[in-house]
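Reading the structure
This is what each chain is made of:
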Amino acid sequence: MKFVRELNTLPVARLLLTILAGWAGIALSQRLLPWLAERLSGRNRLYLLATVPVLRLLILIAISAAVIAMTVEPSVENLVAYLGALGLALGYGLKDYVSSIVAGIVTLYEMPYGPGDWVEIGGVYGEVKSIGMRTVVILTSDDTMVSVPHSFIWGGPVHNSNYGSENLMCITEFLLDPCHDSGAAIRALEDTALSSAYLRHTMPVLVSVEESPFGTRYKIKAYPVDPRDQFKFKTDLTVRGRHAIAAAGIALSRPLATGSAGA
Amino acid sequence: MVQVDSAPRHREPGQDQPNGHTGLWRCLASSRFEPPQETVTGTVMTGISGFLGKLFPPSPKVMNLTPVIANSLLKRPGSDGLDCAAPVPDWSDAASSLAGAVEESDAAGGSVTLVVGPPWSYNADIVTRTAALLGRDIIESPDPRRVLSGTADLTISFQGKDSGWVVPAIERWFFRHHLGLGRFREFFRHLLAGSFGRGLVGCDSWTWQYLSGVLGVSSRSPISFSAFAAEDLAKWFSSLPSSSPGPSSYSFKATDDGHLVVPPRELYESSAAEAFKPGKFLVRLAARARGNPGLALAMWRNHLMNGLDAKPADPGTENSDQSGGKPASAAESTPCVEAQSGHADQTGNAGGTIWVLPWNDAIEPKVPPGICRESLILLHSLLVHNGLREEHLADILPMTAGRLSANLGQLMESGVVEGGPCLLRVSPLAYPGVRGLLSDYGYFVDGF
């Protein structure tokens, strides 16, 4: 029984060309589509980024099928033997690697995250730049590229802040001295958000209040026009929010006012 | 009893008004405003060129704002020439129409009329002129520094205005700033509710979109002027020279095929008016300007060229509307100079012929390729406020002075932003592109 075709009958050139074409297709899609996406705006950019991992998977499946068809002698016994050997190797030697690959396939189906999403996985928060077979590459706010294995989704939650859309809620906190006019504080912080140049006006602005041992905690919950501006948006709200609070005659909570570490 | 017109005496505010002197200026509810549409071909070409421009942005080039010679036969007219052929009018017709709308609104029980206009529609000028017709006092805007600090008393100027008042541009009364925003919101609500008596308020459309959409301020029925279609623009452009010191009428012909783009004014006073149909240039101009006549006028002026030949053209080629022919080379002239020298075309038109560049041949400022999001914020803020003084930019915008200076410098160098320290605005020729770009990036835009 021959498992693999005879060497002299093996279409080596066609095999190499097929593998090369597959590699070129994946490389091209991983470079061309993100390049194209950066030149688009808003929703179109996110839609295009989401097609990158799907396209790569399709190319891999097609190339794998073509390679198997070219190398394996086509018979039921050979196929069973091939899959059995593959399963043995994967089960013992590549357990973790395969786990991540399987998780990667699951993510393509369940879509817990996609390119352009802002996620927190395994304590790492940032924008998903690319989704590989084994890892997802996240760019953090300090410009660090972090590769997180897909297998993380088996063990813990995945926090997705915008889930494929342009709407990403930003929360900016203020800790105020308990002795103050809450109405005035809410109005001041609402106007702070409504007057921000980064504000996405189609989404609501909410100011929530809760008491804490360190003071009265106010949170502005609002959405920036572009998720990539979330840090500038929060900075803008923080700076002008403090100014607005002070103009309303309200003091910050003492631990923050004196510069010591707060909660 | 003499009846002035046949229109109903009492008309609901916001409904179409009787025609003015030229019948072009019609007031209607802002919610019913519809801009003219471009042809299908034009829309497709604009979309394709815009998409290709994003993929392969052209090299940035500085717009040369001084007159240039497009070819050896044509020369861009100076400001005097443009003011003869296409002057900015005094808006008396528009003001008459608006005054009629205000009086009908008052008769129907309304106390405050809010008129909303897009950028470069000269909305404030029209409202100011209307104030004179109505015999009402104009309320000057408060000190910007006090508005910015939230300490301005916005109501004091309205005391004692029993005969009515007019605020030409309410956008000069507020800043998108956390200080003073609450005070202005309450003041504006009381203003529109009639707490200060009968009034007329002019408001820029982007400012209104922010006040109504973001701050939640509402008005009973703001009104606007209806959009100018291609036919309206042709009639209006033909009538403009009559208000200038130069000749009262010109023929405007295309440089590529010699076809009549805008006929002389006399045609509209004859039975031949019905036979004239505006061509693709005017259709595209109306669509590009979104029915805004002031904006269309700026674009129109950008396409006008003088022929260097002061002599009248060959009778056989210039007598028909379908005639072609470009001017032969000769001495330079301007429209007003031509009139003084007595030259005229074969229609007896003392102003002669003004040439109109094809749509793609005129230089228009473009947003620099790869523009950063900070520049988009700057542009958006300029539109929301209908222009800002340079000294207020740092208070309004969330960027450092260095970044602000760099972004502003880039935009001014490209011609997208124009003006001086007293007022910086998005230039009219760049406005359509800027509006589209901001909408693509998710920023709110006006309803015009």
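Residues numbered from 1 in each chain as written. Chains lettered and ligands numbered in written order. Predicted model: local features only at pLDDT ≥ 70, side-chain atom pairs only at ≥ 80, totals over all residues. Heavy atoms only, no water.

1. Regarding the overall build of chain A
The criterion, for reference: Strands are runs of DSSP state E lasting at least 2 residues, helices are runs of H or I lasting at least 4, and numbering of each runs from the N terminus. Our radius of gyration looks at C-alpha atoms and nothing else; its globule reference is 2.2 Å times the residue count to the power 0.38. Here's how the labels work: a residue is buried when its accessible area is under 20% of the maximum for its type, exposed when over 50%, partly exposed in between, all with a 1.4 Å probe on protein chains only. Whether two residues touch is decided by their heavy atoms; if any such pair falls within 4.5 Å, the residues are in contact. Computed by Shrake-Rupley with a 1.4 Å probe, the accessible areas treat only the displayed protein chains as cover when residues are assessed.
Helix and strand counts for chain A come out as 8 helices and 8 strands. A globule of 263 residues ought to have a C-alpha radius of gyration of about 18 Å, yet chain A, at 26 Å, is considerably larger. Relative to its 263 residues, chain A shows a buried fraction of 40%. In chain A, the proportion of contacts linking residues at least 24 apart, taken out of those at least 6 apart, comes to 64%. Working note: accessible area of chain A is about 14000 Å², and carbon and sulfur atoms make up 64% of it.

2. Some remarks on the overall build of chain B
Regarding its fold elements, chain B presents 17 helices and 13 strands. Going through the 448 residues of chain B one by one, you find that 52% of them count as buried. Counting every atom, chain B has about 19600 Å² of accessible surface; 52% of that belongs to carbon and sulfur.

3. With respect to helix H4 (residues 123–134) of chain B
Residue and element names in this part refer to chain B. Short version of the rule: Helix span, as expected, comes to 1.5 Å for every residue beyond the first. In this description, one arc is meant: the one made by directions from the helix axis to the C-beta atoms.
Taking 1.5 Å as the rise per residue, H4 with 12 residues should run 16 Å; its terminal C-alpha atoms sit 16 Å apart, in good agreement. Along H4, the residues that are buried comprise Asn 123, Ile 126, Val 127, Thr 130, Ala 131 and Leu 134. Looking straight down H4, one finds that the buried residues subtend no more than 150° of arc, so they occupy a single side. Turning to H4, the residues buried within the fold contact helix H3 (92–107), strand S3 (112–117), strand S4 (137–138), strand S5 (165–167), strand S6 (199–204) and strand S7 (223–225).

4. Notes on the pattern of salt bridges
In plain terms, the rule: Each salt bridge in this description consists of a side-chain nitrogen of Lys or Arg and a carboxyl oxygen of Asp or Glu lying within 4 Å of one another.
What the rule picks out here adds up to 26 salt bridges over all chains. Notably, a salt bridge pairs A:Lys232 with B:Glu374, separated by 3.9 Å at the nearest N-O pair. With A:Lys232 in helix H7 (residues 230–247) and B:Glu374 in helix H14 (residues 373–384), this pair bridges two chains. Residue classification places B:Glu374 among the buried residues on the basis of a relative accessible area of 11%. Where salt bridges share partners, they join A:Glu38, A:Arg45, A:Glu127, A:Lys129, A:Asp226, A:Arg228, A:Asp229 and B:Arg373 into one cluster.

5. Some details on the interface of chain B and chain A
One widely used convention gives an interface's size as the accessible area the parts lose upon coming together. In plain terms, the rule: We define buried area as the total accessible area lost by two parts upon association, computed with a 1.4 Å probe and summed across both. Here a polar contact is taken to be a pair of N or O atoms separated by no more than 3.5 Å, where protein atoms must pair a possible hydrogen donor with a possible acceptor and residues adjacent in sequence count only if both atoms sit in side chains. Residues are grouped as follows: nonpolar covers Ala, Val, Leu, Ile, Met, Phe, Trp, Tyr, Cys and Pro; charged covers Asp, Glu, Lys and Arg; every other residue, Gly included, is treated as polar.
At the interface, 24 residues of chain B touch 26 residues of chain A. Of the roughly 2300 Å² buried where chain B meets chain A, counting both sides, 59% is carbon and sulfur surface. On the surface where chain B and chain A come into contact, there are 4 salt bridges. Our count for the contact surface shared by chain B and chain A stands at 7 residue pairs in polar contact (both at pLDDT 80 or more). When residues of the side of chain B that touches chain A are assigned to their parent elements, the largest contribution, 4 residues, is made by H14(B). Considering only residue class, the side of chain B that touches chain A consists of 13 nonpolar, 5 polar and 6 charged.

6. Looking at the sheet that holds strand S6 (residues 170–176) of chain A
Whether parallel or antiparallel, the strands of a sheet pair through hydrogen bonds between backbone atoms. All names here are of chain A. The following threshold applies: Should DSSP find at least two bridges between two strands, the strands are taken to pair. Throughout, an axis means a line fitted to C-alpha atoms (over the contacting stretch in the case of helices), and angles, computed between N-to-C directions, take values from 0 to 180 degrees.
Reading across from one edge, S6-S8-S7 is the order of the 3 strands in this open sheet, with antiparallel pairing throughout. Two strands lie at the open edges of the sheet, namely S6 and strand S7 (206–212), each paired on one side alone. Each strand of the sheet is rotated relative to its neighbour by a mean of 20°, with strand direction disregarded. Sheet analysis places S6 next to strand S8 (residues 215–222), joined by 7 bridges and oriented antiparallel. Looking at S8, one finds that Glu 173 is bridged to Lys 219. Along the sheet face, helix H6 (residues 182–194) touches S6, S7 and S8 and points at about 30° away from the line of S8. Strands S6 and S8 of the sheet are contacted by H7, whose axis makes an angle of about 25° with S6.

7. What about empty space enclosed by the protein?
All names here are of chain B. The criterion, for reference: For cavity detection a 1 Å grid was placed over the protein atoms alone, and a set of points counts as a cavity when a 1.4 Å probe fits there but cannot get out; an open set counts as a pocket when protein lies on both sides within 12 Å along at least five of seven lines, with lining residues being those that have an atom within 4 Å of a point. Grid points are joined across faces, edges and corners, and a volume is the space filled by probe spheres set on the points.
Following the criterion strictly, the structure yields 9 cavities of 30 Å³ or more and no others. Taken together, 15 residues line the second largest cavity, and the ones lying closest to its centre are Pro 118, Ser 121, Phe 225, Asn 292 and Pro 293. Counting residues per element, the ones that place at least two in the lining of the second largest cavity are S3, H4 and S7. When its residues are assigned to classes, the lining of the second largest cavity shows 8 nonpolar, 7 polar and no charged.

8. Quick word on the nonpolar core
Generally speaking, soluble globular proteins have nonpolar side chains that are buried together. Put simply, the rule is: Among the buried residues, those of types Ala, Val, Leu, Ile, Met, Phe, Trp, Tyr and Cys that are joined through side-chain atoms within 4.5 Å form a nonpolar core.
The biggest cluster of nonpolar side chains holds 140 residues, and the ones touching the most others in it are B:Phe237 and B:Trp300. Sort the elements by how many residues they give to this core and H14(B) lands first, with 7 residues. B:Trp300 has contacts with B:Ala86, B:Phe237, B:Phe252, B:Val261, B:Val262, B:Phe281, B:Leu285 and B:Val356, leaving out every residue within four places of it along the chain. Of all hydrophobic cores here, the second largest spans 11 residues; its members include A:Val124, A:Val128, A:Ile131 and A:Val148.

9. Examining the sheet that holds strand S9 (residues 260–262) of chain B
Across the sheet, which stays open at both edges, the 5 strands sit in the order S2-S10-S11-S8-S9 (chain B) with mixed pairing between neighbours. Two strands close off the open sheet at either side, each with one partner strand: strand S2 (74–75) and S9 of chain B.

10. Looking at the packing of aromatic side chains
Residues and elements named next belong to chain B. What counts here: Centres within 6.5 Å are what make two rings of Phe, Tyr or Trp a pair, Trp counting through its six-membered ring; a difference in plane orientation under 30 degrees is then read as stacked, over 60 as edge-to-face, and the rest as tilted. Geometrically, a lysine NZ or arginine CZ counts as sitting over a ring once it is within 6 Å of the ring centre and also within 35 degrees of the ring normal.
Scanning all chains against the criterion turns up 29 aromatic pairs over all chains. Measuring from ring centre to ring centre gives 6.4 Å for Trp 206 and Tyr 431, while their planes differ by 75°; the resulting arrangement is edge-to-face. In this pair, Trp 206 sits in helix H7 (residues 205–213) while Tyr 431 sits in helix H17 (residues 431–440), placing the two residues 225 residues apart along the sequence. One exposure class covers both Trp 206 and Tyr 431, and it is buried. Among the aromatic residues, ring-to-ring pairing joins Trp 25, Trp 91, Tyr 122, Phe 225, Phe 228, Trp 236, Phe 237, Tyr 250, Phe 252, Phe 281, Trp 300 and Trp 359 into one connected group. Residue placement shows Arg 176 over the ring face of Tyr 210; its charged tip is 5.9 Å from the ring centre. Its end group placed over the ring of Trp 120, Arg 425 keeps NZ or CZ at 4.0 Å from the ring centre.

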